[in-house]
Every structure is written in structure tokens, then in C-alpha cells.
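Each chain is listed here by its residues.
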Amino acid sequence: MTATKDWLKASWDAGIDLLHPVSDRVDGDAPPPPPPVSVRAPVVVPIRSLGPAYRERIAAHLLALDDSDRYLRFGYKASDEQISRYVAQLDFERDEIFGIYNRRLELIAMAHVAFATDPEHHQCAEFGVSVLKQARGRGYGGRLFERAVIHARNEGVDMMFIHALSENTAMLKIARKAGAVVQRDGAESEAFLQLPPANLDTRMAAIIEHQFAEIDYRIKHQAKQFWDFLARMQALRTGARSARS
Ligand SMILES: CC(C)(COP(=O)(O)OP(=O)(O)OC[C@H]1O[C@@H](n2cnc3c(N)ncnc32)[C@H](O)[C@@H]1OP(=O)(O)O)[C@@H](O)C(=O)NCCC(=O)NCCS
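About the criteria used
Residues numbered from 1 in each chain as written. Predicted model: local features only at pLDDT ≥ 70, side-chain atom pairs only at ≥ 80, totals over all residues. Heavy atoms only, no water. Helix = DSSP H or I, 4+ residues; strand = E, 2+ residues; numbered from the N terminus. Buried < 20%, exposed > 50% of the residue type's maximum accessible area, 1.4 Å probe, protein only. Pairing = 2+ DSSP bridges. Near = heavy atom within 4 Å. Polar contact = N/O pair within 3.5 Å; in protein donor to acceptor, adjacent residues only side chain to side chain. Areas by Shrake-Rupley, 256 points an atom, 1.4 Å probe, with all protein chains shown as cover. Nonpolar A, V, L, I, M, F, W, Y, C, P; charged D, E, K, R; others polar. Salt bridge = Lys/Arg side-chain N within 4 Å of Asp/Glu carboxyl O. Core = buried A, V, L, I, M, F, W, Y, C linked by side-chain atoms within 4.5 Å. Contact = heavy atoms within 4.5 Å. Phe/Tyr/Trp six-rings, centres within 6.5 Å; stacked < 30°, edge-to-face > 60°. Lys NZ or Arg CZ within 6 Å of the ring centre and 35° of its normal.

## As for the environment of I47
- Residue position: I47 is located in the loop between α1 (4–17) and β1 (48–50).
- When its relative accessible area of 2% is taken as the criterion, I47 is described as buried.
- Counting along the chain gives 93 residues from I47 to Y140, while the straight-line C-alpha distance between them is 9.3 Å.

This is the structure we're talking about:
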């Protein structure tokens, strides 16, 4: 789990970054990610729990995935209609949806922790995740998995399950790194991660992560409003100047 000093540093870095206007770059809110390295510092990123009000943004995120990513995420090449149905059926009461935002408040990564509905398997949960192409390789997928594990443990889950295609190196790496047992069955693989019971650390981590994500979101929201306002003023000024000339 990430140390408190790392949270504070990330919070500070995020705050400094928001002093710069949001550029029109289409590649997200940060410079291109460095190539994946085998050893790296812990990734600190605010992860927010999403409610039903975020269905539209969740849909926009999933619809932005191309065919091959949809295949990796859902196990089939989900059409736009199938994705819309999946989003409409998300159960925010039972399950947990986590998201990572950029400075434009676009959802660049999200995870779905689906709790088993069968009473016989009520201590099991399934993990599904997607990160937009431009935000990959920064450790977001791994962090969402860690966050999901903390939540699942706090909810009394003792087995996390991931269904992935055997070609999905990144997903299987995340699962194996966490200690999951991966069973390969041809083109498909199932990863099972046995979870220890919740403890003080998992409870504290959930509270701190929640607070950190809420503060970060509020700051990003205010910064976005500020920069949008400045952009509107700029547009008005430019319009007035060209009308005069
Ligand atoms: C799988 C996915 C979520 C990974 O997201 P990510 O944010 O890029 O993952 P991370 O940056 O946390 O990387 C996880 C590990 O995989 C490695 N990795 C990332 N991309 C890789 C690739 N293309 N090939 C091999 N390894 C890769 C990383 O180096 C990292 O290993 P490390 O911790 O030893 O450095 C993302 O690729 C994705 O959204 N794919 C489409 C949907 C999907 O496959 N979902 C999973 C099925 S539910």
C-alpha cells in the first residue's frame, strides 16, 4: 500500500500542475508516459468511487475503447449498443466502480468490482478494468487493482477473480504481481487471488484514498471552471476586437 508521505507529495504535485491552463493536446493531461520499466516508484494517483450520476462518463470512456480493447475488456468485441446496455445495467448499490480522471475531468481509467450475486459465492468478486490508450504504462491499471483489493477486503470478500485473455500480458502481469494463481485454458485465462481479511490498514487506506480523491476532484473541478471562464473571456475579447476591425 502507498505510504502517506507519497499521498501528500502527489497531492502537492497535482496542485502545482493545476496552475497551468489545460492545453488542447488530445493525448490526455500529462506528457507521454515513459516506457514501462520493471522497477518503479509507487504510483500515486487519486482514485474516485463513482456513482450513478457518472453513467454518461463511464459510457464515454468505454465507447472510446477500440475493437481490440473491447475484446480484451469484455471477452468479446462489444458493440456500442452492448456497451450502452452494460453501463445502463451497472448496479452501483451492490458493486463498486472506481475511476481516474485527467484535468479535463475525463475518465481515463476505470475499474468495476462486481460482487457475486449467487449467495453460495457471496465472498467472491470479479475485477474488470480499462485504461485509455494514452494513459497506459503509468501504473493506473495496477493501482486500480490495488484499490479494488482494499475495497473487496473491507467488504468481506476472500477471493478476487479476473477473467482475461491469455494474450493479455499487462492484465495477467498485474494479477500475478499481486500473487494471483493464473489458470490458462487455451486462449482464455482465469486468475484467482486469495484475499486476507480486512484489517486496520485496509480500513485506513480506504478512508485516506477516498478523502484524497475527493479533494483532488474538487480542485480539478474548480481549476477547470477557472480555465474555462478565462477561455470564454478570451473568446469574447477576440470576437469584440475582430468586430471592431
Ligand atoms: C490491461 C490494462 C488495464 C493495463 O493498464 P495499464 O495502466 O497500462 O497497466 P500498468 O501501467 O499498471 O501496467 C501493469 C504491468 O503490465 C506491464 N505492461 C503494461 N503494458 C504492457 C504490454 N503492452 N505488454 C507487456 N507488459 C505490459 C507494465 O509494465 C506493468 O508491469 P510492472 O508493474 O512490472 O512494470 C490496459 O492495457 C487496458 O485497458 N487494456 C484493455 C482492457 C483490458 O485488457 N482489460 C483487462 C481485462 S478485464
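The rest of the description comes next.
## Comments concerning the pairing of strand β6 (residues 181–185)
- Judged by how many residues are buried, β6 sits mostly at the surface: zero of five residues are covered.
- For β6 and strand β7 (residues 188–194), the ladder comprises five bridges, and the chain directions are antiparallel. Pairing of R184 across the sheet is with S189, part of β7.
- Connecting β6 to the antiparallel partner β7 that follows it, the hairpin turn spans two residues, and G186 within it adopts a positive phi of roughly 65°.

## So, the site of the ligand
- The immediate surroundings of the ligand are formed by 24 residues, with V129, V131, G139, N168 and K177 found nearest.
- A distance of 2.7 Å separates an oxygen atom of the ligand from a polar backbone atom of V131.
- Take N168: an N or O atom from its side chain is 2.7 Å from an oxygen atom of the ligand.
- Within the complex, the protein chains bury 84% of what would otherwise be the 930 Å² of accessible surface of the ligand.
- Those elements that provide at least two residues to the shell around the ligand are α3 (67–74), β4 (124–131), α5 (140–154) and α6 (169–177).
- The leading source of residues in the shell around the ligand is α6, at six residues.
- Tallied by class, residues from the shell around the ligand come to nine nonpolar, eight polar and seven charged.

## Topic: the environment of E81
- The residue E81 is located in helix α4 (residues 80–88) in this model.
- With 18 residues separating them along the chain, E81 and L63 place their C-alpha atoms 9.5 Å apart.

## Points about the pattern of salt bridges
- Using the criterion set out here, one finds 14 salt bridges in the structure.
- One salt bridge connects R94 with D95, and the closest N-O pair in it is separated by 2.8 Å.
- Judged by its relative accessible area of 36%, R94 falls in the partly exposed class.
- Close ionic contact of K220 with D216 constitutes a salt bridge, the shortest N to O distance being 3.0 Å.

## Observations concerning the nonpolar core
- Membership of the largest hydrophobic core comes to 53 residues, with the highest contact counts inside it found for I58, L62, F127, Y140, L144 and M160.
- The element contributing the most residues to this core is strand β3 (residues 107–115), with seven residues.
- If near-sequence neighbours (up to four positions away) are discounted, M160 is found in contact with V113, A125, F127, F145, A148, V149, A152, A191, F192, L193 and L195.

## Some points on the packing of aromatic side chains
- Tallying each qualifying case throughout the model produces seven aromatic pairs.
- Residues F161 and F192 carry aromatic rings whose centres are separated by 5.5 Å and whose planes lie at 45° to one another, so their mutual orientation is tilted. With F161 in strand β5 (residues 159–165) and F192 in strand β7, this pair connects stretches of sequence that are 31 residues apart.
- Among the residues examined, F161 registers a relative accessible area of 23% and is labelled partly exposed.
- Linked through ring pairs, Y54, Y101 and Y217 together constitute an aromatic cluster.
- For the cation-ring pair, R48 lies above Y217, with the distance from its terminal atom to the ring centre recorded as 3.7 Å.
- Over the ring of F74 we find R73; its NZ or CZ atom is 4.8 Å from the centre of that ring.

By themselves these figures say nothing about function.
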